[in-house]
Amino acid sequence: MSQPSVLIERAVTVGRRMTAAPEWPTTAGLLLGMLAMVEVALRVTDSGPRVSIALLLALCATVPLAVARTHLVIAAGTMTVASSLSLATLPRLTGAGLVAQLAVLYLVGRRHSPWVAAPMVLPFVGYALLGPLWLSGTTGGGSALPAGTGRLSAVLLAAGTTTALGTGIARRLRRAATERAVSRQALEDTLIEHVARGERARIARELHDVVAHHISMIAVQAETARLATPGMPAEGAKRLVGIAETARAALTEMRRLLGVLRSDTEGVPTRRPQPSLYQLNELLDEARASAGVAARLIVRGHVRALDPGIELTAYRIVQEALTNVRRHAPGAAVDVALHYTADTLCVSVRDNGPGQAAIGAVGHGLVGMRERVAMVDGTLTAGPAPVSGFLVRATLPLPKETG
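Residue indices follow the written sequence of each chain, beginning from 1 at its first position. Local features in this predicted model are restricted to residues of pLDDT 70 or higher, and side-chain atom pairs are both shown and tallied only at a pLDDT of 80 or more, whereas totals for entire chains, interfaces and linings draw on every residue. To obtain the side-chain values, all non-hydrogen atoms of the structure were included, while hydrogens and water were left out.

Think of a salt bridge as a Lys or Arg side-chain nitrogen and an Asp or Glu carboxyl oxygen that are within 4 Å of each other. Throughout the structure, instances matching the rule amount to three salt bridges. The partner of Arg296 in a salt bridge is Asp335, and the shortest N-O contact between them spans 2.6 Å. Linking Arg296 in strand β1 (residues 295-300) with Asp335 in strand β2 (residues 334-340), this pair joins segments that are 39 residues apart in sequence. With relative accessibility at 48%, the residue Arg296 sits in the partly exposed group. The secondary structure listing takes helices from DSSP runs of H or I that are at least 4 residues long and strands from runs of E that are at least 2 residues long, numbered from the N terminus. Only protein chains enter the accessibility calculation, which uses a 1.4 Å probe; a residue whose area is less than 20% of its type maximum is buried, one above 50% is exposed, and one in between is partly exposed.

Rendered as structure tokens:
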């Protein structure tokens, strides 16, 4: 690995440690300052004001790193000016000064906008383009340096500082993008969870009518059996009375539960019975009349009576799928298919639109479908149909046929 790449990697490491450890900037600034002074003392052989100026510039190019955590822009500006002036005294920056400069540029790019960070590298880019005065002759210590070597050092310095700054900017942009993605995902998850809770409450309200009907039938049949059976033993009549009373108590608790579920809803609850698959033709007629949808119903297999909860689930899936078609693919033709097998009912709704019916359904329609299908231990798939259009397919398990 080349020396500039090693220095850049070390500078990035220093920048990361500075952001993680509060005491690191002070330690790094003082340590690099001492190393820079030692290097200047070894490289500059003459004496006089030139040595004092070189030492002062070496300190100014490294020690301000100690306050980079609290005064980053001031520290970076001071170090950049000192490094630029040092290039007029020495043929190249000290190793400690280069590491400090790369580290502070990385931090500037990571914490501030490009408009603040970009001016920090302009002196080094200009130095590489125009070239220092000593490229054609002598160094600050009186030693000759080949022009090609000086030009290469200037170009590598410009490339290193630009890379360090760009790395910091890229890191800042990635962090901002990650934060936005996390925030957006959290908002979407909250919305989906809110929709799912509302859909679960709606499903519970709808199933209340179905369950309440069955419980009422239990109470009625128990009373009828007790009154219509002559010569029933007293113990049997007592048990039938207990069954009827338990059924009525369960129905009362169901009504209380329904009151809780309806406490956050608006409007007056409907008294209409819950729909079933027998109302699918009416649903398709409504879709044809309201949106001009060309819809047809396809039934395959042995049609049989199903549990009310299964029929309600299948009906709501078709209803929601038709709503999405009217909303996102108006005018598209729709096929609604019911396929009865021995142990499953497959419900599919397919349109020949542009395949965009799921755009608005991700947060609402599909969430409701999935909640309903999960309630009966079924499976749901939704996505672009082969060739064109959008396909919603639900597989609902059925109890084995008896008799």
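For the rest of this paragraph, the subject is the confidence of the model for the protein. Residue-level pLDDT values for the protein average 75, and 77% of them are 70 or greater. Scored from 0 to 100, pLDDT records how confident the predictor is in each individual residue. Contacts were defined at the residue level, with two residues in contact if any of their heavy atoms lie within 4.5 Å. Across residues 264-268 the pLDDT falls below 50, and counting only partners more than four positions away or on other chains, this stretch makes one contact in the model. Ignoring residues within four places in sequence, the model shows residues 357-363, a span with pLDDT below 50, making 13 contacts including any to other chains.

This next bit is on the nonpolar core. Core analysis: the largest hydrophobic core is formed by 35 residues, its most contacted members being Leu65 and Val104. At the level of elements, α2 (24-43), α3 (49-60), α4 (72-89), α5 (95-111), α7 (122-130) and α8 (147-228) are the ones that each hand at least two residues to this core. Residues belong to one nonpolar core when they are buried, are Ala, Val, Leu, Ile, Met, Phe, Trp, Tyr or Cys, and are joined through side-chain atoms within 4.5 Å. Core analysis: the second largest hydrophobic core is formed by 33 residues, Leu277, Val334, Leu338 and Val349 among them.

For helix α12 (residues 365-375), the buried fraction is high: eight of the 11 residues fall into the buried class. Of all the residues in α12, the buried ones are Gly365, Leu366, Val367, Gly368, Met369, Glu371, Arg372 and Val373.

Strand pairing is assigned whenever DSSP identifies at least 2 bridges connecting the two strands. The five strands lie next to each other as β1-β2-β3-β5-β4, forming an open sheet whose pairing is mixed. A single partner strand is all that each edge strand has here, and the edge strands are β1 and β4 (379-384). Looking at each pair of strands side by side, their axes are set apart by 10° on average, direction ignored. Here six bridges tie β4 to strand β5 (residues 390-397), and the two strands are oriented antiparallel to one another. From the neighbouring strand, Leu380 faces β5, where its bridge partner is Ala394. Fitted lines through C-alpha atoms give the axes, limited to the stretch in contact for helices. The angle between two N-to-C directions lies from 0 to 180 degrees. Contacting β4 and β5, α12 crosses the sheet at an angle of about 155° to β4.

Moving on, we come to the environment of Ala159. Here Ala159 is to be found in helix α8. Residue Ala159 is classed as partly exposed on the basis of its relative accessible area, which comes to 39%. Remark: the alpha-carbon pair of Ala159 and Ala128, spanning 31 residues in sequence, is separated by 9.1 Å.

Let's shift gears to the pairing of strand β3 (residues 344-351). By the criterion of burial, β3 is predominantly enclosed, with six of the eight residues buried. Pairing of β2 with β3, which is carried by seven bridges, proceeds in the antiparallel orientation. Across the sheet, the residue bridging to Leu338 is Val347, located in β3. Between β2 and β3, which pair antiparallel one after the other, the connecting turn spans three residues. Relative to β5, β3 runs antiparallel, the two being bridged by eight bridges. What sits directly across from Arg350, in β5, is Leu391.

Unusually for a residue other than glycine, Asp377 sits at a positive phi of about 60°. Note on placement: Asp377 falls in the loop between α12 and β4.

This paragraph deals with a nonpolar patch on the surface. To count toward a patch, a residue needs a relative accessible area over 30% and no salt bridge; like charges are then connected within 9 Å, while nonpolar side chains (Val, Leu, Ile, Met, Phe, Trp, Tyr) are connected within 5 Å. Calculation of accessible area relied on Shrake-Rupley with a 1.4 Å probe; when residues are assessed, cover is drawn exclusively from the protein chains displayed. There is a patch of nonpolar side chains on the surface, built from Leu31, Met34 and Leu35 and spanning about 300 Å² of accessible area. Examined against the element boundaries, Met34 turns out to sit in helix α2.

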